[in-house]
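In case you want the letters, here they are:
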Amino acid sequence: MFWPVTKGQNMAQLVTIFGGSGFVGRYIARRMALRGWRVRVAVRSVAKAQFFERSEFAGQIEIVPCTILEDSPVSRALEGADAVVNCVGILAENGNNKFDAIQTEGADRIARLAASQGITNMVQLSAIGADPQGQSSYSKTKAAGEIAVMDHIPTAVILRPSIVFGPEDEFFNRFADMTRFSPFVPVVSPKTKFQPVYVDDVAKAAEAALLGQAQPGIYELGGPQVASFKALMHRMLDVLGKRRLVLGLPLTIGKLMGSAGETVNAFTLGIVPTPITMDQARSLATDNVASGHYPGLDALGITPTPLDQVLPTYLGK
């Protein structure tokens, strides 16, 4: 059931968060609920968002089924909303989930329909490295999505985080899982640099934007430390208390692995997963750190959380 669209004078504001049950989206939903806002989480799988109903915010956070590939469900999810956040993104293509459809057309659809309903408060979750001339389809479509959002809602805030870490992340947790059965950790393009940012710091940035505490435009979100891919894996191993060989692989090998993996994945109809895709390998050709051309967390009054303050609290558990 959708909440009524007619608001009383004292009714709390409503934010619709597309992808609100995902890694970053759930933290934004929690922060806005703590602020007293009503939160509508628009997701493909309602079942995967059921944890909200077991949280302290049951009744305050509404879960609605929605695909951003069609106008009608997006429009319904926006009904009566005062603000909107788009957290939907993919790291690899699968079935109908193509980079263009999700990260460009999907972002355009959300912003267009939000603008048609008079919504001017929007946060778009993008990524450091978004670039119309980028080497990967991921970075190109992220950039195209940003442009589409700003075309429809010039007052929007675009958040570009580096690698996001936290208890539910798919970066450190994924490589930590490898150490359970492998004597080495393979790292494609080991010298590529990252600036890991804590998931709740990203949520704080979205919260500031929704509360009108951020100027419209692009913000690059990075943590206080810049480290190479290889160095991050060594830090992970230190936290786990394990000794494993960090096997650095050149980018050319990564691309060959991506090509072979995609072929096997297609041949097995998706049964055999792809460890790395060609597009992900292309992304690793460029450092994933703040350029310094845009404001960051400090401009929003947020002190970046150090990696070592959080990583030991969840890694390996």
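Residues numbered from 1 in each chain as written. Predicted model: local features only at pLDDT ≥ 70, side-chain atom pairs only at ≥ 80, totals over all residues. Heavy atoms only, no water.

### Let's talk about the pattern of salt bridges
Once the charged atoms of two side chains with opposite charge are near each other, the side chains can pair.
Then, number 1: Tallying each qualifying case throughout the model produces 13 salt bridges.
Then, number 2: Residue Glu 207 is joined to Arg 31 by a salt bridge in which the shortest nitrogen-to-oxygen separation is 3.1 Å. Of the two residues, Glu 207 sits in helix H6 (residues 199–210) while Arg 31 sits in helix H1 (residues 23–34), which places them 176 residues apart along the sequence. In this structure, Glu 207 and Arg 31 share a single accessibility class: buried.
Then, number 3: Put simply, Asp 108 and Arg 112 hold a salt bridge, and the shortest N to O gap is 3.9 Å. One end of the pair is Asp 108 and the other is Arg 112, both in helix H3 (residues 99–116) and four residues apart, which spans about a single turn.
Then, number 4: Overall, Asp 108 belongs to the partly exposed group, its relative accessible area being 25%.
Then, number 5: A cluster of three or more residues bridged by salt bridges with shared partners is formed by Arg 31, Arg 35, Asp 200 and Glu 207. (Salt bridge = Lys/Arg side-chain N within 4 Å of Asp/Glu carboxyl O. Helix = DSSP H or I, 4+ residues; strand = E, 2+ residues; numbered from the N terminus. Buried < 20%, exposed > 50% of the residue type's maximum accessible area, 1.4 Å probe, protein only.)

### Re the side chain of Ser 139
Then, number 1: Within the secondary structure, Ser 139 sits in helix H4 (residues 137–152).
Then, number 2: The class for Ser 139 is buried, based on a relative accessible area of 8%.
Then, number 3: From its side chain, Ser 139 meets the backbone oxygen of Ser 136 in a polar contact 3.0 Å long.
Then, number 4: Residues within four places of Ser 139 in sequence aside, it is in contact with Gly 129, Ala 130, Asp 131 and Gly 134. (Polar contact = N/O pair within 3.5 Å; in protein donor to acceptor, adjacent residues only side chain to side chain. Contact = heavy atoms within 4.5 Å.)

### Some words on H4
Then, number 1: Compared with an ideal rise of 1.5 Å per residue, which puts 16 residues at 22 Å, H4 spans 23 Å between its outermost C-alpha atoms and is within 8% of the ideal.
Then, number 2: Considered for burial, the residues of H4 that qualify are Tyr 138, Ser 139, Thr 141, Lys 142, Ala 143, Gly 145, Glu 146, Ala 148 and Val 149.
Then, number 3: Those residues of H4 hidden inside the fold are in contact with H3, strand E5 (122–125), strand E6 (157–161), strand E11 (217–221) and helix H9 (278–283). (Expected span 1.5 Å × (residues − 1).)

### What to know about the environment of Ser 137
Then, number 1: Relative to the helices and strands, Ser 137 resides in helix H4.
Then, number 2: Placed 143 residues apart in sequence, Ser 137 and Gln 280 show a C-alpha to C-alpha distance of 9.0 Å.

### A closer look at the packing of aromatic side chains
Then, number 1: For the coordinates displayed, the defined rule picks out 10 aromatic pairs.
Then, number 2: Both rings, one in Phe 171 and one in Phe 172, keep their centres 4.9 Å apart while their planes meet at 80°; by these two values the pair is edge-to-face.
Then, number 3: Owing to a relative accessible area of 11%, Phe 171 belongs among the buried residues under this scheme.
Then, number 4: Judged by its relative accessible area of 0%, Phe 172 is buried.
Then, number 5: Three or more aromatic residues link up through ring pairs in this structure, and these residues are Phe 171, Phe 172, Phe 175, Phe 194 and Phe 229.
Then, number 6: Arg 160 extends its terminal NZ or CZ atom over the ring of Tyr 294, reaching a point 5.2 Å from the ring centre. (Phe/Tyr/Trp six-rings, centres within 6.5 Å; stacked < 30°, edge-to-face > 60°. Lys NZ or Arg CZ within 6 Å of the ring centre and 35° of its normal.)

### What about the packing of helix H2 (residues 71–78) against H3?
Angle between the axes and distance between the axes are the two parameters that describe a pair of packed helices.
Then, number 1: Close contact between H2 and H3 brings their axes to 10 Å; oriented N to C, the two are set at 50°. In terms of orientation, H2 lies oblique with respect to H3. The way H2 lies across H3 gives a crossing that is right-handed. In contact with Asp 71, Val 74, Ser 75 and Leu 78 of H2, H3 contributes Arg 109, Ile 110, Arg 112, Leu 113 and Ala 114.
Then, number 2: Here the contact of H2 with H3 is composed, by residue class, of five nonpolar, one polar and three charged. (Axes fitted to C-alpha atoms, helices over the stretch in contact; angles between N-to-C directions. Parallel < 35°, antiparallel > 145°, perpendicular 65-115°, else oblique. Left-handed = near helix turned anticlockwise from the far one by under 90°. Nonpolar A, V, L, I, M, F, W, Y, C, P; charged D, E, K, R; others polar.)

### A look at the confidence of the model for the chain
Then, number 1: Confidence in the prediction of the chain, expressed as mean pLDDT, is 92, and 93% of residues score 70 or more.
Then, number 2: In the predicted structure, residues 1–10 sits below a pLDDT of 50 and forms 22 contacts with residues beyond four places in sequence or in another chain. (pLDDT = per-residue confidence, 0-100.)

### What about the nonpolar core?
Then, number 1: Core analysis: the biggest nonpolar cluster contains 67 residues, and Val 15, Ile 28, Val 39, Leu 159, Phe 172, Met 233 and Met 236 have the highest contact counts within it.
Then, number 2: Top element by residues in this core is H6. It accounts for seven residues.
Then, number 3: Apart from residues lying up to four places away in sequence, Ile 28 is in contact with Ile 17, Val 85, Cys 87, Ala 203, Ala 206 and Leu 210.
Then, number 4: In this structure, Val 64, Ala 127, Val 149 and Ala 156 belong to the second largest nonpolar core, which totals 29 residues. (Core = buried A, V, L, I, M, F, W, Y, C linked by side-chain atoms within 4.5 Å.)

### Thoughts on a nonpolar patch on the surface
Then, number 1: Residues Phe 184, Leu 245 and Leu 247 make up a contiguous nonpolar surface patch of about 250 Å² in total accessible area.
Then, number 2: Relative to the elements of secondary structure, Phe 184 occurs in strand E8 (residues 184–188).
Then, number 3: We classify Phe 184 as partly exposed; its relative accessible area is 34%. (Patch = residues over 30% accessible without salt bridge, like charges linked within 9 Å, V, L, I, M, F, W, Y side chains within 5 Å. Areas by Shrake-Rupley, 256 points an atom, 1.4 Å probe, with all protein chains shown as cover.)

### Examining unusual backbone geometry
Then, number 1: Despite not being glycine, Ser 189 has its phi angle at roughly 55°, a positive value.
Then, number 2: Mapped onto the elements of the fold, Ser 189 is located in the loop between E8 and strand E9 (193–194).

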